[in-house]
2 protein chains.
Amino acid sequence: MAAERDRQRVIIDRVEPEIDGGRFPIKRVVGERVKVDADVFTDGHDVLRCLLLWRREGDRQWSEVEMETLPNDLFSAEFTVPEMGRYLYSLTAWVDPFRTWRRDLEKRVAAGQDIAIDLLTGAGWIEAAGVRAQEAGRRAEGRVLSGLARDLARGLDPEARLRLAFDPELVDLMDRYAERSRATAYGRELAVVVDRERARFSSWYELFPRSTAGIGDGVGGNDGADGPRHGTFEDCAERLGYVAALGFDVVYLPPIHPIGHTHRKGKNNAPEAAPGEVGSPWAIGSEEGGHKAVHPELGTEEDFRRLVFKARDLGMEIALDIAFQCSPDHPYVREHPEWFKKRPDGTIQYAENPPKKYEDIYPFDFDTEDRQGLWEELKSIFDYWIGFGVRIFRVDNPHTKPFPFWEWLIAEIQRAHPDVIFLAEAFTRPKIMYRLAKLGFTQSYTYFAWRNTKEELTEYFEELTEPPLREFFRPNLWPNTPDILTEALQFGGRPAFVERLILAATLGASYGIYGPAFELLEHTPREPGSEEYLDSEKYQLRQWDLARADSLKDLIARVNRIRRENPALQANAGLVFHPVDNEQLLCYSKATEDGANVILTAINLDPHHTQAGWVDLDLAALGVKPEESFQVHDLLSGLRYLWRGPRNYVELDPWALPAHVFRLRRKVRSERDFDYFV
Amino acid sequence: MAAERDRQRVIIDRVEPEIDGGRFPIKRVVGERVKVDADVFTDGHDVLRCLLLWRREGDRQWSEVEMETLPNDLFSAEFTVPEMGRYLYSLTAWVDPFRTWRRDLEKRVAAGQDIAIDLLTGAGWIEAAGVRAQEAGRRAEGRVLSGLARDLARGLDPEARLRLAFDPELVDLMDRYAERSRATAYGRELAVVVDRERARFSSWYELFPRSTAGIGDGVGGNDGADGPRHGTFEDCAERLGYVAALGFDVVYLPPIHPIGHTHRKGKNNAPEAAPGEVGSPWAIGSEEGGHKAVHPELGTEEDFRRLVFKARDLGMEIALDIAFQCSPDHPYVREHPEWFKKRPDGTIQYAENPPKKYEDIYPFDFDTEDRQGLWEELKSIFDYWIGFGVRIFRVDNPHTKPFPFWEWLIAEIQRAHPDVIFLAEAFTRPKIMYRLAKLGFTQSYTYFAWRNTKEELTEYFEELTEPPLREFFRPNLWPNTPDILTEALQFGGRPAFVERLILAATLGASYGIYGPAFELLEHTPREPGSEEYLDSEKYQLRQWDLARADSLKDLIARVNRIRRENPALQANAGLVFHPVDNEQLLCYSKATEDGANVILTAINLDPHHTQAGWVDLDLAALGVKPEESFQVHDLLSGLRYLWRGPRNYVELDPWALPAHVFRLRRKVRSERDFDYFV
């Protein structure tokens with residue numbers, strides 16, 4: 001019994017944010033705030049003080065922030081993370097006898113009681129603080145406190161002693177030299193991973209470099225009737241201007257490495273490729289190299305380096321796809337057979353999902369005896385491309401590799417390069433997706449592609465933007481990918497593409513499209529019921545007519561400009577859904593924390609019919625007073641409407657424009673006062 | 001990197017129940033189940049096994065229960081706690097290659113694939129299990145497994161090999177000798193405190209022994225015009241028959257110790273007692289002794305011992321009130337002045353809540369230099385009364401003593417006496433009340449007395465009966481106490497008493513009344529706006545006419561009989577509120593886990609008017625099919641009604657009976673089939 005710990009009377013409980021008891025960090029980007037709440041209480045009626053402590057990992061000294069006391073034993077404070085890297089925060093709290101004494105003294109004075117003895121008690125606390133100041137080497141302050149203790153005990157007339165007891169400078173000194181030897185330390189140091197801003201706000205465009213050879217620009221024999229020429233990094237660099245004009249900031253390339261020959265797949269995933277067929281970029285490795293080589297038909301490493309620089313000049317970044325698997329022709333298979341599982345007949349175990357077999361792919365055996373060697377080599381692949389200036393990686397199927405591997409790898413890479421961003425392509429069960437985000441993935445693919453109805457979208461995005469998910473899971477929304485051509489896009493026509501684009505771009509601070517398939521409305525599946533594209537670029541070259549009149553490129557450019565100009569769309573906090581009396585209409589708003597920028601989106605989820613209804617706005621969420629009129633300015637059409645009160649009418653024709661993306665303009669007294677130019 | 005821990009591929013997460021990351025135990029009573037759920041998952045697609053482990057604290061060997069796999073990566077299992085004391089539970093999980101192999105083999109066979117090599121793989125797993133069996137000293141089973149491995153690899157014809165692969169006995173053996181060297185241990189051992197049944201189900205009656213001298217039975221000078229005679233333990237023993245007839249099982253006595261003289265309070269809390277006034281039993285200690293003595297006017301220790309035995313004979317228990325505070329006359333003040341705080345003038349610090357002063361009470365200084373001595377002495381007070389056969393303690397104001405003290409004390413006492421029950425009388429803020437329950441208090445007072453409206457009652461009892469509270473907080477509901485005469489009782493007349501009684505007795509598995517004030521409808525406050533009784537027994541003797549015609553004793557006896565006969569009312573699990581279209585009517589049901597006993601209560605919260613309305617029953621919660629008619633049998637009035645479907649009419653006159661307490665009688669095909677006798 002009676003351990004020294006038992007003298008710590010204060011309980012610190014339910015600290016928020018805290019992921020799994022502090023097992024995992026929360027995520028922020030540079031300049032964001034970390035608001036920390038906790039239940040802090042003790043027995044009896046004494047006054048508590050509680051400090052929020054924070055520091056950069058590696059620094060010795062904690063910064064201290066006094067936590068504010070709120071009702072129901074809640075304490076709250078915040079700090080701002082100034083740089084990339086890892087920060088830590090914790091709490092400490094103690095019973096403060098001097099503050100307790102002052103609170104009680106006030107009551108006694110108000111009740112007209114004799115306080116002579118109480119002043120002696122207070123003098124004792126001040127004297128003790130003076131000793132602590134002396135011990136801390138602050139001799140001047142120690143002497144001041146000792147003097148004040150003497151004055152309070154006897155030196156002054158009663159009036160002056162009372163004034164002294166409530167002197168703010170005394171309070172300040174006493175706070176500084178508070179008795180903290182029995183303070184409760186929270187006992188956990190909670191971590192924050194601080195990324196750069198693109199971790200939170202990014203617009204992705206996926207393209208196959210080999211399909212960037214323009215129509216009619218073919219040279220050599222692999223053109224015309226024989227199909228398009230194999231695109232190169234040089235073609236791809238040409239294409240970057242188009243992508244930049246669309247307003248994207250991340251250009252994501254499928255694997256750029258040599259493609260295996262053994263069991264190479266043909267067009268439309270045919271089991272055997274015909275001679276000359278290009279194969280899947282995800283069958284990585286041939287005699288020409290593996291994960292640290294570029295496919296010769298794309299060009300040279302130097303060409304790739306130029307591509308990275310060109311993108312940077314255009315304000316964009318190249319993101320690479322890292323898929324940890326090998327074609328049977330990959331150099332690793334020869335050089336490190338111990339990194340693969342063997343079947344009882346001595347052959348290497350190919351990938352399978354019984355009864356399906358993927359004989360063109362060998363998975364790594366992450367549990368190999370040479371784990372150290374394998375794991376280090378895989379990490380060195382990231383380092384290799386980081387050497388080319390790449391700072392964003394889309395990781396293929398991370399959920400089929402061990403969790404500890406990712407936790408180790410991401411921490412190691414980010415220790416040296418805190419600006420590296422990892423996007424987890426894990427289309428699997430929710431708890432596994434969330435685990436990968438906890439383990440370190442910066443962004444994550446989501447179920448967005450399959451959430452179509454108002455109920456589905458509302459439920460899913462409320463889950464994603466509330467605690468605990470919002471603290472560690474950053475969704476990246478894709479209406480399509482080379483693997484995902486949803487039914488919504490197959491059957492919804494142009495309105496479905498527009499609707500899904502606007503949903504992705506306004507619901508998610510990060511989103512992406514797989515183009516040019518998306519803007520060119522590519523929607524034919526390989527066969528009915530499949531989400532695979534017919535003539536998918538995964539298995540063959542394609543040529544795209546970017547100038548087609550029906551392209552969505554101008555709309556996309558406008559949507560991306562709206563995103564760049566409106567900070568409300570650059571974060572997922574502040575998402576609020578507003579009821580509409582029509583199940584086909586979805587309405588939601590996003591606001592910046594200071595309320596200065598508010599975007600209200602209303603969208604028709606029905607690609608076939610005009611839908612109309614009354615929106616019942618949550619005016620408080622919009623920062624609008626009930627009696628105040630306000631303007632909504634549709635940033636898509638340019639039209640403006642004057643609204644007042646919560647109920648407002650919306651009508652949307654899918655073939656014209658299935659959505660309003662309103663910027664709210666408030667603080668309006670009359671129509672003449674509209675701030676048209678802000 | 002690559003620590004051995006990293007080979008544990010399985011994640012065990014969100015284990016329920018678990019209080020504050022395992023910091024505190026959950027509570028059960030003997031024979032109850034502990035159902036454990038957890039998220040368990042791994043990378044990839046392998047089959048997992050997960051075991052729930054449990055054992056009595058102190059035992060070496062875990063019992064293992066295979067956890068059932070549910071959708072969305074949820075696993076579940078349960079165990080039953082057979083005896084009082086502390087139990088531990090934990091989990092372990094691993095990737096099971098043999099089960100994975102069998103699942104895949106099934107798919108391969110179904111797809112008609114060649115499985116020759118796969119059988120060799122399986123044989124390898126079986127061979128390895130055989131080795132493990134051998135190593136575990138199970139040589140016979142080891143040989144069997146080796147033989148089966150050989151058969152599967154080559155010994156048998158193809159048909160027989162396939163049959164062998166799916167043989168249930170093989171599966172059983174393989175499960176028994178599974179490869180668990182890389183199993184993930186959950187890492188926390190979670191505790192269960194197992195109490196006796198009364199911890200969950202108890203009916204309390206509080207009385208002042210000194211007020212048990214019957215009317216006109218006075219002998220000696222302190223009777224008649226001078227007021228009633230001072231009751232004794234002997235009088236109290238006489239009174240026990242009455243309490244037993246009312247159906248209670250715990251008789252709780254305010255402190256029975258010598259009462260101090262210094263600053264003794266007079267009638268109605270007058271600052272100074274007149275000569276001969278009895279004082280408050282909570283001003284503990286005089287020259288006649290302290291917490292280990294009995295007040296001489298109550299009798300001797302031997303009298304008290306007889307009282308305890310008499311109660312036991314009547315199927316009841318005596319509960320004592322432990323209030324850790326001293327009158328200035330307490331022997332501790334003289335013998336251990338170091339256990340009290342001193343003021344700067346050398347006097348001992350009396351209790352206060354500035355500006356209020358309680359000069360008749362000295363609080364202990366729990367932070368005294370002699371903490372060891374003080375804490376041990378306070379514990380010995382419990383031990384002393386345990387020596388008299390007392391096993392239930394109501395602890396006065398535990399929230400004004402340090403949390404670590406209670407955690408230590410309760411654990412120490414229960415280690416030796418697991419049958420001891422502690423009721424926390426902490427009327428304070430919710431987080432502190434809940435903390436005390438986590439620290440070990442068996443039962444807790446609640447805010448029930450002040451929850452009156454349908455919304456208040458519904459919200460509060462949903463909170464109390466859902467996780468996490470239901471796992472550690474056992475509410476004990478009191479419509480009144482000597483300190484609490486609510487406005488509801490002051491102004492609601494007899495209907496309010498009946499209503500509050502029935503609410504307490506049917507909403508709470510444990511409840512209590514302070515009598516005879518309650519059954520005799522005592523409702524006059526000391527002054528308007530006060531919750532104190534006029535002429536409170538806390539400061540003076542009272543005589544009660546138990547035979548008064550308006551006494552609620554017969555109703556109370558009936559309610560307590562209903563509680564004893566209906567297990568649904570003996571637990572708080574299974575509480576469901578049913579909507580009623582009248583805000584003054586509250587309807588709720590409780591059901592046993594097996595659904596065999598269901599009690600449906602409908603109550604009129606308005607003590608002044610008859611209220612009627614339609615109940616919209618949650619039939620599923622009642623175990624009734626939508627198309628099934630069922631009987632509701634009012635155990636209060638004896639009347640029976642035949643109901644069908646969710647909507648049923650209820651009308652309650654507060655002056656007749658403000659409530660129905662229905663027992664549900666189901667499985668009825670026609671009216672003739674009613675099981676009237678069950």
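For clarity, every value in this text was computed on a predicted model and none was experimentally measured.

Colleague: Before we go on, may I ask you to explain a negative patch on the surface in this structure?
Modeller: Taken together, the side chains of Glu455(A), Glu456(A), Glu459(A), Glu462(A), Glu463(A) and Glu466(A) make up a negatively charged region of the molecular surface. Note that Glu466(A) resides in the loop between helix H12 (454-465) and helix H13 (469-472).

Colleague: So what exactly am I meant to see when it comes to the environment of Asp235(B) here?
Modeller: Residue and element names in this part refer to chain B. Within the secondary structure, Asp235 is located in helix H6 (residues 233-245). Judged by relative accessible area, which is 11%, Asp235 ranks as buried. As for Asp235 and Leu298, which are separated by 63 residues in sequence, their C-alpha atoms are 9.1 Å apart.

Colleague: What's the story with the relation of the copies chain B and chain A in this structure? I'm lost.
Modeller: One copy of the chain maps onto the other through a rotation about an axis followed by a shift along the same axis. With an RMSD of 0.1 Å, the fit of chain B onto chain A corresponds to turning through 180° and sliding 0.0 Å along the axis. Seen this way, the second copy is the image of the first under a two-fold rotation axis. When each C-alpha of chain B is compared by its distance to the rotation axis, Gly21(B) comes out closest, at 3.5 Å. Taken together, the interface assignments show that 100% of the residues at the interface of chain B recur at the interface of chain A, consistent with an identical surface on both copies.

Colleague: Help me understand the interface of chain B and chain A, please; the structure alone is not making it clear to me.
Modeller: Between chain B and chain A, the contact holds 54 residues from the first and 55 residues from the second. Summing both partners gives a buried area of about 5200 Å² for chain B against chain A, and 52% of it is carried by carbon and sulfur. Inspection of the region where chain B meets chain A yields 14 salt bridges. Here chain B is connected to chain A by 16 residue pairs in polar contact (both at pLDDT 80 or more). Those elements that provide at least two residues to the side of chain B that touches chain A are strand S1 (11-16), strand S3 (33-41), helix H1 (97-110), helix H2 (116-135), helix H9 (371-386), helix H10 (403-416) and helix H11 (430-439) of chain B. In terms of residue count, the dominant contributor to the side of chain B that touches chain A is H11(B) (five residues). Of the residues belonging to the side of chain B that touches chain A, the class tally is 18 nonpolar, 10 polar and 26 charged.

Colleague: Whenever I open this one, the packing of helix H10 (residues 403-416) of chain A against helix H11 (residues 430-439) of chain A confuses me. Can you help?
Modeller: When two helices pack together, you describe them by how their axes are tilted relative to each other and by the distance separating the axes. All names here are of chain A. It is at 9 Å that the axes of H10 and H11 come closest, and there the two elements cross at 30°. With respect to each other, H10 and H11 are oriented roughly parallel. Crossing angle aside, the handedness with which H10 passes H11 is right-handed. Residues Phe403, Trp406 and Glu407 of H10 form the contact with H11, whose participating residues are Ile432, Arg435, Leu436 and Leu439.

Colleague: Honestly, the pairing of strand S2 (residues 26-29) of chain B in this entry has me stumped. Any pointers?
Modeller: A regular strand carries its side chains on alternate faces of the sheet. All names here are of chain B. Burial of the side chains of S2 extends over both faces: Ile26 and Arg28 are buried on one face and Lys27 and Val29 on the other. Pairing of S2 with strand S10 (residues 190-195), which is carried by four bridges, proceeds in the parallel orientation. The partner of Arg28 across the bridge, within S10, is Val194.

Colleague: Help me out: how do you make sense of the confidence of the model for chain A in this one?
Modeller: Interpretation of the predicted coordinates at a detailed level should be avoided for regions scoring low in pLDDT. Residue and element names in this part refer to chain A. For chain A, per-residue confidence averages 94 on the pLDDT scale, and 96% of positions sit at 70 or higher. Below pLDDT 50 for its whole length, residues 216-224 participates in 15 contacts with residues either more than four positions away or in separate chains. Predicted complex, confidence summary: ipTM 0.92, pTM 0.93.

Colleague: I'm lost on the sheet that holds strand S7 (residues 74-80) of chain A in this one. Help?
Modeller: Think of a sheet as strands paired side by side through backbone hydrogen bonds, with each pair either parallel or antiparallel. Residue and element names in this part refer to chain A. Pairing in this open sheet of four strands is antiparallel, and the strands run S1-S3-S7-S6 from one edge to the other. One side of each edge strand has no neighbouring strand; the edge strands of this open sheet are strand S1 (11-16) and strand S6 (68-70). The average undirected angle you get between the axes of adjacent strands in this sheet is 30°. Summarising the sheet, strand S3 (residues 33-41) and S7 pair through seven bridges and their orientation is antiparallel. Considered in S7, the bridge of Asp37 is made with Ser76.

Colleague: Would you explain the sheet that holds strand S22 (residues 510-514) of chain B in this entry?
Modeller: Residue and element names in this part refer to chain B. Reading around the barrel, the eight strands line up as S11-S12-S13-S18-S19-S20-S21-S22 and close back on themselves, with parallel pairing between neighbours. Each strand axis lies, on average, 30° off the axis of its neighbour in the sheet, ignoring direction. The pairing of strand S19 (residues 421-425) with strand S20 (residues 443-445) spans two bridges and is parallel. Among the inter-strand pairings, Ala424 is bridged to a residue of S20, identified as Ser444. H6 rests against strand S11 (202-206), strand S12 (250-253) and strand S13 (317-322) of the sheet, and its axis sits at about 140° to S12. Against the sheet, helix H14 (residues 487-507) makes contact with strand S21 (475-477) and S22, and its axis sits at roughly 150° relative to S22, the strand it touches most.

Colleague: Would you mind going over the packing of aromatic side chains with me for this structure?
Modeller: The description of an aromatic ring pair rests on the distance of the ring centres and on the angle between the ring planes. All names here are of chain A. Applying the stated criterion across every chain yields a total of 100 aromatic pairs over all chains. Ring centres of Phe324 and Trp406 lie 6.0 Å apart, and the angle between their planes is 15°; this geometry places the pair in the stacked category. With Phe324 in the loop between strand S13 (317-322) and strand S14 (325-326) and Trp406 in helix H10, the pair connects residues that are 82 residues apart, well separated along the chain. Each member of the pair Phe324 and Trp406 is classed as buried. Across from the ring centre of Tyr460, 4.8 Å away, lies the NZ or CZ of Arg451, which sits over that ring.

Colleague: Teacher, can you tell me more about the pattern of salt bridges here?
Modeller: For side chains bearing opposite charge, pairing can occur when the charged atoms are close. Across all of its chains, the model carries 114 salt bridges over all chains by this definition. Three or more residues joined by partner-sharing salt bridges are found here, namely Arg7(A), Arg182(A), Asp367(B) and Arg371(B).

Colleague: Would you take a moment to explain unusual backbone geometry for this structure?
Modeller: Among all residues save glycine, negative phi is the norm, and among peptide bonds the norm is trans. Residues and elements named next belong to chain A. Note that the residue after Glu16, namely Pro17, is joined by a cis bond; omega there is -5°. Counting through the fold element by element, Pro17 comes out in the loop between S1 and strand S2 (26-29). Cis peptide bonds are those with omega within 30 degrees of zero, and the linkage from Pro354 to Pro355 qualifies with 0°. The topology assignment puts Pro355 in the loop between strand S15 (351-353) and strand S16 (356-358).

Colleague: What should I look at first to understand the pairing of strand S24 (residues 585-591) of chain B in this one?
Modeller: All names here are of chain B. Most of S24 sits out of view: seven of its seven residues are buried. In terms of strand pairing, strand S23 (residues 576-577) meets S24 through two bridges, oriented antiparallel. Within S24, the position partnered with Phe577 by the bridge is Tyr588. As paired strands, S24 and strand S25 (residues 598-604) are joined by seven bridges and run antiparallel to one another. In the strand pairing of S25, Tyr588 is matched with Thr601. The loop that links S24 with its antiparallel partner S25 comprises six residues; one of these, Gly595, has a positive phi angle of about 75°.

Colleague: For this particular structure, what's the right way to read helix H12 (residues 454-465) of chain B?
Modeller: At 3.6 residues per turn, the α-helix brings residues three or four places apart onto the same side. All names here are of chain B. Across its 12 residues, H12 extends 16 Å between first and last C-alpha, which sits within 8% of the 16 Å expected from 1.5 Å per residue. Residues of H12 that are buried include every one of Lys454, Leu457, Thr458, Tyr460, Phe461, Leu464 and Thr465, and no others. Next to the buried residues of H12 lie H11, helix H13 (469-472), S21, H14, S23 and S24.

Colleague: Help me understand the side chain of Thr486(A) in this model?
Modeller: Residue and element names in this part refer to chain A. Turning to its location among the elements, Thr486 is positioned in the loop between strand S21 (475-477) and helix H14 (487-507). Exposure remark for Thr486: the relative accessible area of 3% places this residue in the buried category. Once you skip the residues sitting within four places of it in the chain, Thr486 turns out to touch Ala449, Trp450, Pro479 and Glu531.

Procedures and definitions
Residues numbered from 1 in each chain as written. Chains lettered and ligands numbered in written order. Predicted model: local features only at pLDDT ≥ 70, side-chain atom pairs only at ≥ 80, totals over all residues. Heavy atoms only, no water. Patch = residues over 30% accessible without salt bridge, like charges linked within 9 Å, V, L, I, M, F, W, Y side chains within 5 Å. Areas by Shrake-Rupley, 256 points an atom, 1.4 Å probe, with all protein chains shown as cover. Salt bridge = Lys/Arg side-chain N within 4 Å of Asp/Glu carboxyl O. Lys, Arg positive; Asp, Glu negative; His and termini not counted. Charge placed at Lys NZ, Arg CZ, Asp CG, Glu CD. Helix = DSSP H or I, 4+ residues; strand = E, 2+ residues; numbered from the N terminus. Buried < 20%, exposed > 50% of the residue type's maximum accessible area, 1.4 Å probe, protein only. Least-squares fit on C-alpha atoms with pLDDT ≥ 70 in both. Contact = heavy atoms within 4.5 Å. Buried area = accessible area lost by both parts, 1.4 Å probe. Polar contact = N/O pair within 3.5 Å; in protein donor to acceptor, adjacent residues only side chain to side chain. Nonpolar A, V, L, I, M, F, W, Y, C, P; charged D, E, K, R; others polar. Axes fitted to C-alpha atoms, helices over the stretch in contact; angles between N-to-C directions. Parallel < 35°, antiparallel > 145°, perpendicular 65-115°, else oblique. Left-handed = near helix turned anticlockwise from the far one by under 90°. Pairing = 2+ DSSP bridges. pLDDT = per-residue confidence, 0-100. Phe/Tyr/Trp six-rings, centres within 6.5 Å; stacked < 30°, edge-to-face > 60°. Lys NZ or Arg CZ within 6 Å of the ring centre and 35° of its normal. Expected span 1.5 Å × (residues − 1).

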